[in-house]
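In case you want the letters, here they are:
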Amino acid sequence: MDRRLALVRRPSPLLADGLVTHIERTPVDVDLAVRQWQGYVDALVDQGWQVIEAPPADACPDGVFIEDPVFVHRDLAVLMRSGAPERRGETEGLADVLTAQGYRIAAIEEPGTMDGGDILTHGDQVWVGVGGRTNQAGVDQLAVLLSELGATVTAVPTTKALHLKSAVTALPDGTVIGYEPVVDDPTTWPGFLAMPEEPGAHVVLLGDDRLLMSAAAPESTGLLAARGLDVVTVDISEFEKLEACVTCLSVRLRGPA
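These numbers were taken from a predicted model, which means no experiment stands behind them. (Residues numbered from 1 in each chain as written. Predicted model: local features only at pLDDT ≥ 70, side-chain atom pairs only at ≥ 80, totals over all residues. Heavy atoms only, no water.)

## Some details on the nonpolar core
Counting residues in each nonpolar core, the largest one holds 27 residues, and the members touching the most others are Leu15, Tyr40, Leu44, Phe65, Leu212, Phe239 and Leu249. Among the elements of the structure, strand 1 (5–8), helix 1 (30–46), strand 12 (204–207) and strand 14 (230–234) are those that each provide at least two residues to this core. The element contributing the most residues to this core is helix 1, with 7 residues. (Core = buried A, V, L, I, M, F, W, Y, C linked by side-chain atoms within 4.5 Å. Buried < 20%, exposed > 50% of the residue type's maximum accessible area, 1.4 Å probe, protein only. Helix = DSSP H or I, 4+ residues; strand = E, 2+ residues; numbered from the N terminus.)

Next up, the structure:
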């Protein structure tokens with residue numbers, strides 16, 4: 001059985017100052033966000049995941065979005081170099097945590113830029129969104145790193161959403177789902193499944209046919225449940241005000257023990 005470890009980082013007191021790009025800024029209730037983050041963590045634990053906390057990044061408003069500063073594949077952890085210079089400090093302390101879990105460490109280097117939220121995987125197929133936070137130089141570096149692990153990297157234009165995984169994620173069978181108005185080219189994925197709500201495009205795979213989704217997507221939840229999937233929902237409304245989704249708040253560590 002695969003181990004089930006999830007890397008998380010608790011919200012910064014400066015969370016309300018997080019970056020927004022494609023939506024209008026609205027006030028964030030930081031106290032409520034902390035409670036929602038704990039609810040998210042509790043949901044992972046309830047589903048059999050052991051949670052590992054990354055060192056706090058209190059000076060980084062977006063630090064809670066742990067998916068962006070690191071990407072893991074098999075036994076390799078790649079530290080990102082965000083296209084938003086304000087976010088580059090979020091990698092601090094992650095190498096030590098990941099090394100302790102048995103990962104080899106690599107990094108995206110200048111002139112490459114990349115956020116982990118731009119990386120969608122299914123097996124050894126890796127799609128990387130090229131847009132505001134990730135450039136082609138970053139994609140090229142990742143392709144070299146992952147080629148040693150037998151993975152194939154494909155660049156995907158991403159201009160309508162903050163990150164590729166703000167637009168699409170993958171179900172356990174590999175079906176890619178998304179909210180079509182923010183997907184640049186749905187034909188990239190054969191059998192693309194359009195979801196009726198934007199938060200419904202985002203799922204975290206919990207194992208077998210179980211998913212974690214936002215409570216803000218009841219129609220999408222029903223659609224996926226009708227396909228035989230077991231859906232667990234969490235309220236992350238304060239993080240959604242910052243263009244975040246359920247995938248942003250954790251990194252599943254399923255590599256070396």
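## Observations concerning the packing of aromatic side chains
This structure, assessed with the given rule, holds 2 aromatic pairs. Both rings, one in Phe65 and one in Phe239, keep their centres 6.1 Å apart while their planes meet at 85 degrees; by these two values the pair is edge-to-face. Here Phe65, found in the loop between strand 2 (50–53) and strand 3 (70–73), pairs with Phe239, found in helix 6 (residues 237–240); they are 174 residues apart in sequence, far enough to count as distant. Using a relative accessible area of 3% as the deciding quantity, one classes Phe65 as buried. (Phe/Tyr/Trp six-rings, centres within 6.5 Å; stacked < 30°, edge-to-face > 60°.)

## Considering the environment of Val64
The topology assignment puts Val64 in the loop between strand 2 and strand 3. Since its relative accessible area comes to 0%, Val64 is described here as buried. Linking Val64 and Ser12, residues 52 residues apart in sequence, is a C-alpha distance of 6.8 Å. Not counting chain neighbours up to four residues away, the residues in contact with Val64 comprise Arg9, Arg10, Pro11, Leu15, Trp37, Phe239, Cys248 and Leu249. (Contact = heavy atoms within 4.5 Å.)

## Here we look at the pairing of strand 3
Of the two faces of strand 3, both are covered, the one formed by Val70 and Val72 as well as the one formed by Phe71 and His73. Of the pairings in the sheet, the one linking strand 3 to strand 4 (residues 76–79) comprises 4 bridges and is antiparallel in character. Considered in strand 4, the bridge of Phe71 is made with Val78. Connecting strand 3 to the antiparallel partner strand 4 that follows it, the hairpin turn spans 2 residues, and Arg74 within it adopts a positive phi of roughly 55 degrees. (Pairing = 2+ DSSP bridges.)

## Regarding the pattern of salt bridges
Side chains that differ in charge, positive against negative, can pair when their charged atoms come close. All chains considered together, the criterion is met by 10 salt bridges. Across the pair Arg74 and Asp124 runs a salt bridge, and its minimum N-O distance is 2.7 Å. Taken together, the positions of Arg74 in the loop between strand 3 and strand 4 and Asp124 in the loop between strand 6 (119–122) and strand 7 (125–130) put the pair 50 residues apart, joining distant regions of the chain. By relative accessible area, Arg74 is classed as partly exposed at 46%. Judged by relative accessible area, which is 26%, Asp124 ranks as partly exposed. Note that Arg87 and Glu90 form a salt bridge whose closest N and O atoms lie 2.7 Å from each other. What you see here is one network of salt bridges that share partners, running through Asp68, Arg87 and Glu90. (Salt bridge = Lys/Arg side-chain N within 4 Å of Asp/Glu carboxyl O.)

## Here's the deal with the sheet that holds strand 3
Strands pair in a sheet through their backbones, by hydrogen bonds, and they do so in one of two ways: parallel or antiparallel. A sheet is described by the order of its strands in space; here 3 strands give the open sequence 3-4-5, paired in mixed fashion. Edge positions in the open sheet fall to strand 3 and strand 5 (104–107), since each of these has one partner strand only. Averaged over all neighbouring strand pairs, the angle between strand axes comes to 25 degrees, with direction disregarded. In terms of strand pairing, strand 4 meets strand 5 through 4 bridges, oriented parallel. For Leu76, the partnering residue across the bridge sits in strand 5 and is Arg104. Of the strands in this sheet, strand 3, strand 4 and strand 5 touch helix 3 (residues 136–147), which is tilted by about 165 degrees from strand 4. (Axes fitted to C-alpha atoms, helices over the stretch in contact; angles between N-to-C directions.)

## Structural notes on the side chain of Glu90
Along the chain, Glu90 turns up in the loop between strand 4 and helix 2 (94–100). Within the structure, the side chain of Glu90 is placed 2.7 Å from the side chain of Arg87, a separation counted as a polar contact. Those residues in contact with Glu90 that sit more than four places away from it in its chain are Arg9, Cys60, Asp62, Gly63, Phe65 and Pro69. (Polar contact = N/O pair within 3.5 Å; in protein donor to acceptor, adjacent residues only side chain to side chain.)

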